[in-house]
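# Breakdown of the fold
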Amino acid sequence: MSHRRVVVTGMGLLCGVGNTAPQIWEGLLSGKSGMAEITAFDLTGHSVRIAAEVKDFDPHAFVEKKEARKMGRFIHFAMAAAQEAMQHSGLKVTDETAENVGVHIGSGIGGFDVIEREHSAMLAGGPRKISPFFIPATIINLAAGHVSIKYGAKGPNEATATACTSSAHSIGDAFRIIQRGDADAMIAGGAEAAITPLSVGGFAAMKALSTRNDDPTHACRPFDKDRDGFVCGEGAGILILEELEFAKARGANILAEVIGYGMSGDAYHMTGMAPEGDGCRRAMQAALRVAGISADKIDYVNAHATSTPVGDSLESKAIENVFGEKALSHELLVSSTKSMTGHLLGGAGGLEAGITIMAMVNQIAPPTMNLDNVDPACRLNYVPNKPQSAKIDYALSNSFGFGGTNGSLVFKRWGAE
């Protein structure tokens, strides 16, 4: 069965490095770190004091004040990224197209900030102090809900909550929705706002976070032998996906084509990755199979690599196993932009899909920063510490999450052979 082709016509990105896609791209190429001491809450008693917070963000630039009070911070981020993406794409939802434009926005954690605030209000004053907007401000699908309301998108309306793979799965599922004809366009990606006392404290209790509190800009060190954990980030990444003929008919500027999407499950451990990165390998191979291309076509991989001692080396091994000599010869470029953005958890895949597309558009691989002493178990070209110009016609973006949930997306540069 032949499938409809799906293209990317716009993006909106937001993270600690910048509040728009162009700002983020410029920051990544200059090696800018979004990490600093946390300002969102009192750090008394916290062993981890650093994160990559979104800076100078005014939700009222995207949402009316009255409505903003009904939303968690992750929804504010989704609304901001969706607005940028819609403006970038030039997509207008009309009465004629509304039922064929959908929204698919995921989050790993959702409204943690609101949950913590309302719990405190209840403990202090009893149940009557709980806001009537508590539930809709926190649940994950309300990011997609609010975006659909703002733009009048009446097509498929969904949300994915698959930990750190959430927004990659949302983009992949939106790709499939368009392929099979259930929509002509989708606003897809993810958002996260998990820099809160309970969230940071919880990840710290797991020993998952870097404790380089005195040197935040160098704390996230993917593939480096001295890495000691990830750094929490926040923000959003939203893409506009359209069926090719629908995009052409309205004269859209096409950035890239989505050609592959693969998923897998580790079936191994609650938080740890399967030996040899087996689940990662199978997700990448599935994405390549859907794309209908051989592994040697891929020029760049935006790695999930979060800077954890085990995870980075297992993903690296999985990439070796998929790409073979092209990877080991250092011809394949692999980088982790989390070294600058921090880990957006459920928002990571959306942000990194956008970055991967910008790498193809600009023919530049962004660097892995803070890579001073490569772990001997990591044997690839990680684009250390400075960007690298290269021919990038096909690229892959990885996202992996707790519970062994894996997703890989393959993009083709528009105009590439």
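What counts, and at which threshold
Residues numbered from 1 in each chain as written. Predicted model: local features only at pLDDT ≥ 70, side-chain atom pairs only at ≥ 80, totals over all residues. Heavy atoms only, no water. Helix = DSSP H or I, 4+ residues; strand = E, 2+ residues; numbered from the N terminus. Rg over C-alpha atoms; globule rule 2.2 N^0.38 Å. Buried < 20%, exposed > 50% of the residue type's maximum accessible area, 1.4 Å probe, protein only. Contact = heavy atoms within 4.5 Å. Areas by Shrake-Rupley, 256 points an atom, 1.4 Å probe, with all protein chains shown as cover. Pairing = 2+ DSSP bridges. 1 Å grid on protein atoms, 1.4 Å probe; cavity = no way out; pocket = protein on both sides within 12 Å on 5 of 7 lines; lining within 4 Å. Points joined across faces, edges and corners; volume = space filled by probe spheres on them. Nonpolar A, V, L, I, M, F, W, Y, C, P; charged D, E, K, R; others polar. Polar contact = N/O pair within 3.5 Å; in protein donor to acceptor, adjacent residues only side chain to side chain. Axes fitted to C-alpha atoms, helices over the stretch in contact; angles between N-to-C directions.

### Comments concerning the overall build of the protein chain
- For the protein chain, the count of helices and strands is 13 helices and 14 strands.
- For the protein chain, whose C-alpha radius of gyration is 20 Å, the value lies close to the compact-globule estimate of 22 Å for 417 residues.
- A burial count over the protein chain gives 61% of its 417 residues as buried.
- Counting contacts in the protein chain only where the partners sit at least 6 residues apart, residues at least 24 apart contribute 78% of the total.
- Carbon and sulfur atoms form 52% of the exposed surface of the protein chain, whose accessible area is close to 15800 Å².

### Focus: unusual backbone geometry
- Of note in this structure, His330 is not a glycine but carries a positive phi near 70°.
- The residue His330 is located in the loop between helix H11 (311-328) and strand E10 (333-335) in this model.
- His330 gets classed as partly exposed once you look at its relative accessible area, which sits at 38%.
- In this structure, Asn370 is a non-glycine residue whose phi angle is positive, near 65°.
- Mapped onto the fold, Asn370 is located in the loop between strand E11 (364-365) and strand E12 (388-389).
- When its relative accessible area of 6% is taken as the criterion, Asn370 is described as buried.

### What to know about the pairing of strand E13 (residues 394-401)
- Burial runs high along E13: 8 of the 8 residues are buried.
- Here E13 shows no split at all, with Tyr394, Leu396, Asn398 and Phe400 on one side and Ala395, Ser397, Ser399 and Gly401 on the other all buried.
- Across 3 bridges, the pairing between strand E9 (residues 300-302) and E13 is parallel. The partner of Asn302 across the bridge, within E13, is Ser397.
- As defined by bridge partners, E13 adjoins strand E14 (residues 405-413) across 8 bridges and the pair is classed as antiparallel. Opposite Phe400, over in E14, you have Asn406 as the bridge partner.
- Between E13 and E14, which pair antiparallel in sequence order, lie 3 residues; one of them, Gly403, sits at a positive phi of approximately 85°.

### As for the layout of surface pockets
- Approximately 540 Å³ is the volume found for the largest pocket.
- In terms of lining residues, the largest pocket is bounded by 30 residues, among which Thr271, Gly272, Met273, Thr308 and Phe402 are the most central.
- One number sums up the size of the second largest pocket: a volume of about 230 Å³.
- Of the residues in the lining of the second largest pocket, the class split is 7 nonpolar, 2 polar and 7 charged.

### Looking at the environment of Ile149
- Residue placement: Ile149 occurs in helix H6 (residues 142-151).
- The exposed category is assigned to Ile149, whose relative accessible area is 66%.
- With 106 residues separating them along the chain, Ile149 and Leu43 place their C-alpha atoms 37 Å apart.

### Structural notes on the side chain of Thr368
- By the secondary structure assignment, Thr368 is in the loop between E11 and E12.
- For Thr368, a relative accessible area of 0% corresponds to the buried category.
- Side-chain polar atoms of Thr368 contact the backbone oxygen of Tyr382, separated by 2.8 Å.

### Let's talk about the sheet that holds strand E6 (residues 185-192)
- The 10 strands lie next to each other as E5-E4-E6-E7-E1-E8-E14-E13-E9-E10, forming an open sheet whose pairing is mixed. The open sheet has two edge strands, strand E5 (157-158) and E10, and neither has a second partner.
- Relative to strand E7 (residues 235-243), strand E1 (residues 6-14) runs antiparallel, the two sharing 8 bridges. Within E7, the residue paired with Gly12 across the bridge is Ile238.
- Here H6 sits on the sheet and contacts strand E4 (101-106), E5 and E6; the angle it forms with E4, its principal contact strand, is near 150°.

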